[in-house]
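Spelled out from the first residue to the last, the chains are:
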Amino acid sequence: MSSENERQQAYIEQTRARLAAVQKRMDNHVIGSGKIAEAFALIERMRAEGAADLDIDKALAAKKLPSVIDIAKKTWWRSPSWALLKRKKGRLERKLARQQQRLESLNG
């Protein structure tokens with residue numbers, strides 16, 4: 001029984017390491033970091049508040065962030081890799097949850 005617990009712990013640690021690596025790649029990705037990420041956050045917040053597109057453009061310019069057009073140009077080719085990273089992260093998070101449940105069922 002102890003060896004099964006150890007094996008499950010090893011699987012969990014492997015999954016956590018893979019998840020951390022994916023998160024690091026997301027943190028360093030053009031869409032997930034820097035000025036683009038700041039601009040996305042501002043756009044989402046202002047859209048939730050019901051701001052007009054012109055107001056959003058002015059706010060982006062005031063904060064010296066890329067415009068919506070610039071963001072679209074910079075992210076066009078990078079969106080597929082971002083989507084794949086998000087998908088991989090989600091799969092790893094679900095896998096980690098299953099592994100932790102399995103370990104709890106062995107212990108409990």
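Residues numbered from 1 in each chain as written. Predicted model: local features only at pLDDT ≥ 70, side-chain atom pairs only at ≥ 80, totals over all residues. Heavy atoms only, no water.

A.B. asks: Lay out unusual backbone geometry with the relevant residues and their values.
C.D. replies: Although it is not a glycine, Lys-64 adopts a positive phi angle of roughly 55 degrees. Within the secondary structure layout, Lys-64 lies in the loop between helix 3 (53–62) and helix 4 (68–75). (Helix = DSSP H or I, 4+ residues; strand = E, 2+ residues; numbered from the N terminus.)

A.B. asks: I'd love a proper account of the pattern of salt bridges, names of residues and values included.
C.D. replies: Across all of its chains, the model carries four salt bridges by this definition. One salt bridge connects Glu-49 with Arg-45, and the closest N-O pair in it is separated by 3.7 Å. The exposure class of Arg-45 is partly exposed, given its relative accessible area of 42%. (Salt bridge = Lys/Arg side-chain N within 4 Å of Asp/Glu carboxyl O. Buried < 20%, exposed > 50% of the residue type's maximum accessible area, 1.4 Å probe, protein only.)

A.B. asks: Tell me about the packing of helix 2 (residues 34–48) against helix 3, and please be specific about residues and values.
C.D. replies: Viewed as axis vectors pointing N to C, helix 2 and helix 3 meet at an angle of 145 degrees, and their least axial separation amounts to 10 Å. Helix-helix and strand crossings are classified by hand; for helix 2 and helix 3 the assignment is right-handed. Here Ala-39, Leu-42, Ile-43, Met-46 and Arg-47 of helix 2 come into contact with helix 3, specifically with Asp-53, Asp-55, Ile-56, Ala-59 and Leu-60. (Axes fitted to C-alpha atoms, helices over the stretch in contact; angles between N-to-C directions. Left-handed = near helix turned anticlockwise from the far one by under 90°. Contact = heavy atoms within 4.5 Å.)

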